[in-house]
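The primary structure of each chain is shown beneath.
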Amino acid sequence: MSEAIISVQDLVKTYHMGAVNVHALRGITLAVKQGEYLAIMGASGSGKTTFMNLLGCLDRPTSGNYFLDGVNVNTYNKNQLAEFRGKKIGFVFQSFNLLARTSALENVELPLFYNPAVGSKERKERAMHALESVGLADRQSSLPNQLSGGQQQRVAIARALVNEPVVIMADEPTGNLDTRTSYEIMDIFQSLNEKGSTIVMVTHENDIAQFATRNVIFRDGRIIADNQIQKRRNAALELKNLPVLDLDNEIEES
Amino acid sequence: MRISNLLKVALRSLNRNKMRTFLTMLGIIIGVASVIAMLAIGQGSKQNVQASVASLGINSIMVFPGSSNQGGVRGGAGTTATLKVDDALAIAERCDLVDHVSPVVQTRAQVIYGAQNWNTTIVGGNNDYFYIRNLNIETGNTFTEADLRAASKVCVLGQTVVTNLFGAGANPIGRTIRINQIPFEVVGTLSPKGQNTFGRDEDDIIIAPFNTVYKRLMNSTYINMILVSAISQNSMDAATAQIGQVLRQTHKLGPGTPDDFTIRNQAELSNIFGSVTKEMTILLAAIASISIVVGGIGIMNIMLVSVTERTREIGIRMAVGAKGSHVMTQFMIEAIFIGILGGILGIVLGVLVSMLVAHFAGWPISITLFSILLSSIFSVVVGVFFGWYPARKAANLDPIDALRYE
């Protein structure tokens, strides 16, 4: 189980903004093993989002190689990338990115929708199962605007799980959430990770990064640090220790 | 990817914006409906004109005397007296493309019955005249062979004459009227025909046997016209040529001598009116088609708005595995669906409008399969054509930009 699921070699990404060349990534080499929970840290402009887009097969590098699940993704065209994303990658975004006016269950079904091998009955069953795993089975017919932020992000996680991806890519998954809800999301990620899911997460919050097993820090398009987390935080425990939200006290304090 | 999935997604998104979908569709509905209604009204008026031309007679060909030429001053057609009864007989005998022939003499006379009098047209013809002019007998009979041979003083009255001499609804059969002081027995009346296309009252007429008018009323040796019917609509031109040859022979006209007669046939007339109404129909349909195109631009407009509005949705779909072709198909289905449903509703509306016009304006209409096919094909093509660009725009979106779109 220590095989590299993601292998990146000397990845360079340069954007051409008119006459100016912006070097977003200046040669990244990185390997992520099966079952790792990687947190990518860095200030804004450090290239972590660009790197995430490349890992997520949403964009293609200027140069360098990227192997995901043993496939050299650079050889794929736009359509092949789309299909590859649908089968191998689960996405979790900062702003949840659920389809509006579409029920939770149907949002979760979405990745399977574009997979011709999955029939509508199987699609529903698998989506239901994914919703159960994030504890939202009872909200299957709720619309996104009827769900809290944390619930929306859980639906998004269920959507990321439904296609049984080889890696889950999470871009600032807790960026729009309060501390308690962030920990709840981290709890889900940790338990998924314990069951063997590989997770790559971008965050700029140091405390959130401590829930991962490994931290990579970006600066100016380069990796400046790559650490295994020694004292990993446990989200389930932290949740218990969090003071229970008392609205009256909060108001008095502020 | 299953097309049924995309169909479901497309229909759902249309369903979410019912009002917008309907308004977009309205452009197509009105366009298609107006094409159908215009073509129906155009076809109807064409048939109307054809019917009134046909009422002039069945496949009728009219032979007039030629134009006069006195000292270089030429008169119009019919200004000379060159046609004789023998010409009519010759045509009947020698033209095989002709099935009915009647020599015709025509005059106006004062007609008296009791205290009433009336000035009307007196036509002398044989029984073929009724057939060729498509005149039907309302009451009584046409002339007997004996009447025709013996120049009997009998006549058939048009309804306008009946009304003016006897009063409306009276039965004049067996009564005796006086035409130029000569007593005529009324043997029949004509079914009313009303005005012809040119506004002349077709019922203001008295018909008497040819010999009677020719010998007793006019006392001339020349006739006004020979009325001929061809054996079929298609042989009109050939029959016309044949009559021309026969008349040139009987009139002993050498090569190079111009005809001393003029032949007109109904086909010419119906061709002229046919082309006028056809042009009108094309014009109306062209104007109506413009509204379909405008409707199509409406589709394109809304689809573009929809693509912009749903940029994020497109990004999400692409991120989770939708290919450009999936997105393209989804938007194309929406556009085509608007086109097809708009087309169907437009056909229904167009038929209703045509029927309303027929009912209230009293115009004849005819809804042809052609106009329905034309407009349904047109509406699908418009859907495809104007849906294509927005759909392509959606399909070419970059997933990263689309996901970041606010």
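Residues numbered from 1 in each chain as written. Chains lettered and ligands numbered in written order. Predicted model: local features only at pLDDT ≥ 70, side-chain atom pairs only at ≥ 80, totals over all residues. Heavy atoms only, no water.

## Quick notes on helix α1 (residues 48–55) of chain A
Residue and element names in this part refer to chain A. In terms of burial, α1 is largely enclosed, as seven of its eight residues are buried. Residues of α1 that are buried include every one of Lys-48, Thr-50, Phe-51, Met-52, Asn-53, Leu-54 and Leu-55, and no others. Following α1 by one or two positions, Cys-57 has its phi on the positive side, about 60°. (Buried < 20%, exposed > 50% of the residue type's maximum accessible area, 1.4 Å probe, protein only. Helix = DSSP H or I, 4+ residues; strand = E, 2+ residues; numbered from the N terminus.)

## A short note on the sheet that holds strand β1 (residues 4–17) of chain A
Residue and element names in this part refer to chain A. Reading across from one edge, β2-β1-β4-β5 is the order of the four strands in this open sheet, with antiparallel pairing throughout. Strands at the two margins of the open sheet, each flanked by one partner only, are β2 (20–33) and β5 (71–72). Direction of pairing for β1 relative to β2: antiparallel, over a ladder of eleven bridges. If you follow Met-17 over to β2, its bridge partner there is Val-20. Against the sheet, α1 touches β1, β2 and β4 (63–68), its axis set at about 120° to β1. (Pairing = 2+ DSSP bridges. Contact = heavy atoms within 4.5 Å. Axes fitted to C-alpha atoms, helices over the stretch in contact; angles between N-to-C directions.)

## Topic: the pairing of strand β9 (residues 214–219) of chain A
All names here are of chain A. In the sheet, strand β3 (residues 37–42) pairs with β9 via five bridges, with the strands oriented parallel. Bridge pairing in β9 places Ile-40 opposite Val-216. Relative to strand β10 (residues 222–228), β9 runs antiparallel, the two being bridged by six bridges. Each bridged residue has a counterpart across the sheet, and for Ile-217 the counterpart in β10 is Ala-225. What sits between β9 and β10 in their antiparallel hairpin is a turn of two residues, with Asp-220 showing a positive phi close to 50°.

## What to know about the side chain of Ser-229 of chain B
Residues and elements named next belong to chain B. In this structure, Ser-229 sits in strand β11 (residues 225–230). A relative accessible area of 1% places Ser-229 in the buried class. A polar contact of 2.6 Å, which involves the side chain of Ser-229, links it to the side chain of Asp-99. (Polar contact = N/O pair within 3.5 Å; in protein donor to acceptor, adjacent residues only side chain to side chain.)

## Topic: the domain arrangement of chain B
Bring the parts together and some accessible area is lost; that lost area is often taken as the interface size. The domain boundaries assigned to chain B delineate domain 1 (3–51 + 272–404) and domain 2 (83–259). Summarising the inter-unit geometry, the C-alpha centres of domain 1 of chain B and domain 2 of chain B are found 57 Å apart. (Domains from an automatic or database assignment.)

## Description of the packing of aromatic side chains
Here the structure, examined in full by the defined rule, presents ten aromatic pairs over all chains. Geometrically, the ring pair formed by Phe-51 of chain A and Phe-218 of chain A is tilted, given 5.2 Å between the ring centres and 40° between the ring planes. Here Phe-51 of chain A is found in helix α1, whereas its partner Phe-218 of chain A is found in strand β9, with 167 residues between them in sequence. Using a relative accessible area of 2% as the deciding quantity, one classes Phe-218 of chain A as buried. On the basis of an interplanar angle of 40° and a centroid distance of 4.2 Å, the ring pair of Tyr-113 of chain B and Phe-166 of chain B is categorised as tilted. Taken as a pair, Tyr-113 of chain B in strand β4 (residues 98–113) and Phe-166 of chain B in helix α6 (residues 159–166) lie far apart in primary sequence, 53 residues in all. Under the relative-accessibility criterion, Phe-166 of chain B is labelled buried at 15%. (Phe/Tyr/Trp six-rings, centres within 6.5 Å; stacked < 30°, edge-to-face > 60°.)

## A short note on the interface of chain A and chain B
At the interface, 29 residues of chain A touch 30 residues of chain B. Of the roughly 2500 Å² buried between chain A and chain B, counting both surfaces, carbon and sulfur atoms make up 54%. By the criterion of area lost to chain B, the three top residues of chain A are Arg-101, Phe-113 and Tyr-114 of chain A, representing 27% of everything that side buries. At the junction of chain A with chain B, the criterion picks out two salt bridges. A salt bridge links Glu-106 of chain A to Arg-12 of chain B; its shortest N-O distance comes to 2.8 Å. At the boundary of chain A and chain B, one finds ten residue pairs in polar contact (both at pLDDT 80 or more). Listed by contribution, the elements that provide at least two residues to the side of chain A that touches chain B are α2 (78–88) and α3 (104–113) of chain A. (Buried area = accessible area lost by both parts, 1.4 Å probe. Salt bridge = Lys/Arg side-chain N within 4 Å of Asp/Glu carboxyl O.)

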